[in-house]
Structures are given as C-alpha cells and as structure tokens.
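Structural overview for review
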Amino acid sequence: MTQNKRTFSLELFPPQTPEGAAKLRAARARMATLKPRFFSVTFGAGGSTRDRTLETVLEIQREGYQAAPHLSCIGSTRESIRSILEQYRANGIRHLVALRGDLPSGMARPGAFRYANELVEFIRAETGDCFHIEVAAYPEYHPQAKNPQDDLQSFKRKLDAGANSAITQYFYNFDAYAHFIDECQAIGIDLPIVPGIMPIASYSSLARFSDTCGAEIPRWIRKKLESYGDDSASIRAFGLDVVTGLCERLLANGAPGLHFYTLNQDALTAALWQRLRLS
Ligand SMILES: Cc1cc2nc3c(=O)[nH]c(=O)nc-3n(C[C@H](O)[C@H](O)[C@H](O)COP(=O)(O)OP(=O)(O)OC[C@H]3O[C@@H](n4cnc5c(N)ncnc54)[C@H](O)[C@@H]3O)c2cc1C
C-alpha cells in the first residue's frame, strides 16, 4: 500500500473558553501545514459539547480543511440526534465518528440508543449514504466488554450496520493491534482499521487516562517513564522514540493510516509526523 492511499488524520477537542479557542486556532494553523486528511473533533459525554463541536467543525471547514465531528449517542433521544445530523448535513459535513459514549456521572437514563451499532443504523436509516461513518475499535478490548469474543462481535455489528471504517483506541503494544486485525480478518472484516496514536507528553495523566479507557502501558515503558519523575524533556524524548517505533512498525505491516490524538497540542504530533515523513 502506498503512503498516498493511507489516511493520516488529527483529533482535536472543542475548546471551552475564548482563550482556548484562540490557542487552538494557532495550533491548528501549524497542524494544517502537515496536510492531514481530516481533523476530527470530539463530542462531550451526553451532548455537553454539542454546540462547541459544531462551531469548531464549521471553523475548520471555513479554513478549507476537512472536518469530521464525533457524535456519541448515549443519553440522547432520536430527535436530538436527528437534529444534529440535519445541522451537519446542512453545513456540508460528510464524515462522522459514531460512538456510544459514556453516561456522565449522575445521568441515569441511557436514552434511545444502547450501543454504537444502533446509532450507525439510525444514521444510515435517516441519511442514507450522506456520511462516511467511522466507529471505534479496541485492540486491547473495551473495558466493559464481557469477553474479547463478544467485543469483537460488537465491533462487527457496527460495521454490519453500515460503518465505513474504524479508528482504534490508542495502544503501545504492536502485537495487540496485529492480533486484533488477524481476528477481524478471520471473521470477514476487511474495512480499514486505522490505529489511534497517543503521543506521550507526560506520565501521570497518561497513566490515569489509560487505566480508565483500558489501554495498557507496557511495563518497560511505564517503568522508564516513572524513572524520569518531573523531567518532562526526557519523558517527551523517550515517548517520541517509543511512539515513532510503534508507528513505523504499524506502517511497515500495512496499517491503513494513523489517527493522532493531539489533545490540541501540535508539537509532539508534528515531530512524529516529520520523523515518519508523512508529508
Ligand atoms: C476513536 C475514538 C474516538 C472517541 N471519541 C469520543 C468522543 O468524541 N466522545 C466521547 O464521549 N467518547 C469518545 N470515545 C470513547 C467512547 O465513547 C467510549 O470508549 C465508550 O465507552 C464506548 O463507545 P463505543 O462507540 O466504542 O461503544 P460500543 O461499540 O457501543 O461498545 C461499548 C461496549 O458495549 C459492548 N457492546 C456493544 N454492543 C453490545 C450489545 N449489543 N450487547 C452487549 N454489549 C455490547 C461492547 O463490547 C463494549 O464493551 C472515543 C473512543 C475512540 C476509540
């Protein structure tokens, strides 16, 4: 597969304040020089960022870049999802990342959708082929999955419901991705499954977040990062080496692209991009 056919994309989250928006605008201008295929923009639990996700996506479009809003369904009514889809459609958005999401603490009612495959079905029923739909994949399995086999079947249901491709949760273990792809192929899944890549900027927040989302930081990486304490320059330098090596291995083994979780920071992603010669 040639580099040109691969999809290299960047994920942003919608800023909360005017200062955050200005910072993101500046970071995005630098990221745009990398020429990503698209910018995706996350959607807060229970629709909490609905307006800010739309604003950010429209701003990206006005700047002349492709934008893909995330859309999570848990806690939502059919009517609210329908109206978001209408807004996106009316504004020329043609690419979505469809998710279940997680119920915000204190919100007890799951709403009209239980799982992401029901959202994908709904989007297809309401809008036909209007959108390219991405869904989430979990090479190290979703933390709430009953077992790996059920999780794989749940993933297949999302693709069978009409998703076009998938982006994975981040991982640092190449073998987990390779095994997951083998398992997918064995049950007839041949759609692109793009690895999600998390650059390493700090240790404590990464460790906390990884515990919650079920992404493993292998022991040798954890130990090394721990040993650097507050030395953030060493953490970033080591992290860059680890993540560059992972990306090189993924691309050498046929990964259909890379999706970078930028956390709205451009420096580490740009450094990875340059090391990997992606543009
Ligand atoms: C690329 C990516 C982007 C993300 N973006 C966001 C975002 O913008 N906003 C946000 O809030 N979160 C986001 N998340 C996190 C995601 O919302 C959570 O991981 C959430 O817990 C699961 O969402 P899902 O779409 O994978 O759910 P699902 O695919 O519905 O799966 C959720 C769980 O239910 C199980 N399951 C699925 N179907 C069934 C069934 N029929 N019966 C029994 N069990 C079933 C699965 O095995 C899994 O354990 C993102 C995750 C990824 C990987």
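Here, the structure is the one placed above.
Fair warning: this is a prediction, and the values are worked out from it, not measured in the lab.

A few words now on the overall build of the protein chain. Along its length, the protein chain carries 10 helices and 8 strands. On C-alpha atoms alone, the protein chain measures out to a radius of gyration of 18 Å, which is about the 19 Å that the 2.2 N^0.38 rule sets for 279 residues. Referenced to the eigenvectors of the C-alpha coordinate spread, the extents of the protein chain come out at roughly 50 × 45 × 45 Å. Within the span of the protein chain, comprising 279 residues, buried residues form 50% of the whole.

Burial analysis of strand 8 (residues 257-261) places 5 of its 5 residues in the buried class, the great majority of the element. The two faces of strand 8 match: G257, H259 and Y261 on one face and L258 and F260 on the other face are all buried. Pairing between strand 1 (residues 7-12) and strand 8: 5 bridges, direction parallel. The partner of S9 across the bridge, within strand 8, is H259. Inspection of the sheet shows strand 7 (residues 193-197) paired to strand 8 by 2 bridges, in the parallel sense. Residue pairing across strands places I197 opposite F260, the latter belonging to strand 8.

Along the chain, S210 falls in helix 7 (residues 204-213). Taking relative accessible area as the criterion, S210 reaches 1% and is therefore assigned buried. Residues S210 and Y170, spaced 40 residues apart in sequence, show a C-alpha to C-alpha distance of 8.9 Å. Not counting chain neighbours up to four residues away, the residues in contact with S210 comprise Y170, A215 and I217. A polar atom in the side chain of S210 sits 2.7 Å from the side chain of Y170.

Right, let's talk about the pairing of strand 3 (residues 67-72) for a bit. Of all 6 residues that make up strand 3, 6 are buried, and the element is covered over most of its length. Alternating residues of strand 3 divide into A67, P69 and L71 and A68, H70 and S72, and every residue in both groups is buried. Of the strand pairs in this sheet, strand 2 (residues 39-41) and strand 3 are connected by 3 bridges, and their pairing is parallel. Counterpart to S40 in the pairing with strand 3 is A68. Note on the crossover from strand 2 through helix 2 (residues 50-62) to strand 3: the handedness is right-handed. Summarising the sheet, strand 3 and strand 4 (residues 95-99) pair through 3 bridges and their orientation is parallel.

As a further point, take the site of the ligand. Near the ligand you find 22 residues, and of these F43, R100, D102, Y138 and D151 are the closest. A distance of 2.7 Å separates an oxygen atom of the ligand from a polar side-chain atom of K158. Bound to the protein, the ligand loses 84% of the 970 Å² it would expose on its own. Elements that contribute at least two residues to the shell around the ligand include exactly helix 5 (148-160) and strand 6 (165-170). The biggest single contributor to the shell around the ligand is helix 5, with 4 residues.

It is worth spelling out the sheet that holds strand 5 (residues 132-137) at this point. In spatial order, the strands read 1-2-3-4-5-6-7-8; together these 8 strands close into a barrel with parallel pairing. When strand polarity is set aside, the average angle formed by the axes of neighbouring strands in this sheet is 30°. Against the sheet, helix 6 (residues 174-186) makes contact with strand 5, strand 6 and strand 7, and its axis sits at roughly 160° relative to strand 7, the strand it touches most.

As a further point, take the environment of A136. Relative to the assigned elements, A136 resides in strand 5. Residues A136 and R100, spaced 36 residues apart in sequence, show a C-alpha to C-alpha distance of 9.2 Å. If sequence neighbours within four positions are ignored, A136 has contacts with A98, L99, F155, K158 and I167.

Mapping S72 onto the fold places it in strand 3. Of the residues examined, S72 reaches a relative accessible area of 4% and is grouped as buried. Contact partners of S72, with chain neighbours within four places excluded, come to F43, G44, I81, L99, R100 and G101.

The rules behind each value
- Residues numbered from 1 in each chain as written.
- Predicted model: local features only at pLDDT ≥ 70, side-chain atom pairs only at ≥ 80, totals over all residues.
- Heavy atoms only, no water.
- Helix = DSSP H or I, 4+ residues; strand = E, 2+ residues; numbered from the N terminus.
- Rg over C-alpha atoms; globule rule 2.2 N^0.38 Å.
- Buried < 20%, exposed > 50% of the residue type's maximum accessible area, 1.4 Å probe, protein only.
- Pairing = 2+ DSSP bridges.
- Contact = heavy atoms within 4.5 Å.
- Polar contact = N/O pair within 3.5 Å; in protein donor to acceptor, adjacent residues only side chain to side chain.
- Right-handed = clockwise from strand over helix to strand, strands pointing away.
- Near = heavy atom within 4 Å.
- Areas by Shrake-Rupley, 256 points an atom, 1.4 Å probe, with all protein chains shown as cover.
- Axes fitted to C-alpha atoms, helices over the stretch in contact; angles between N-to-C directions.

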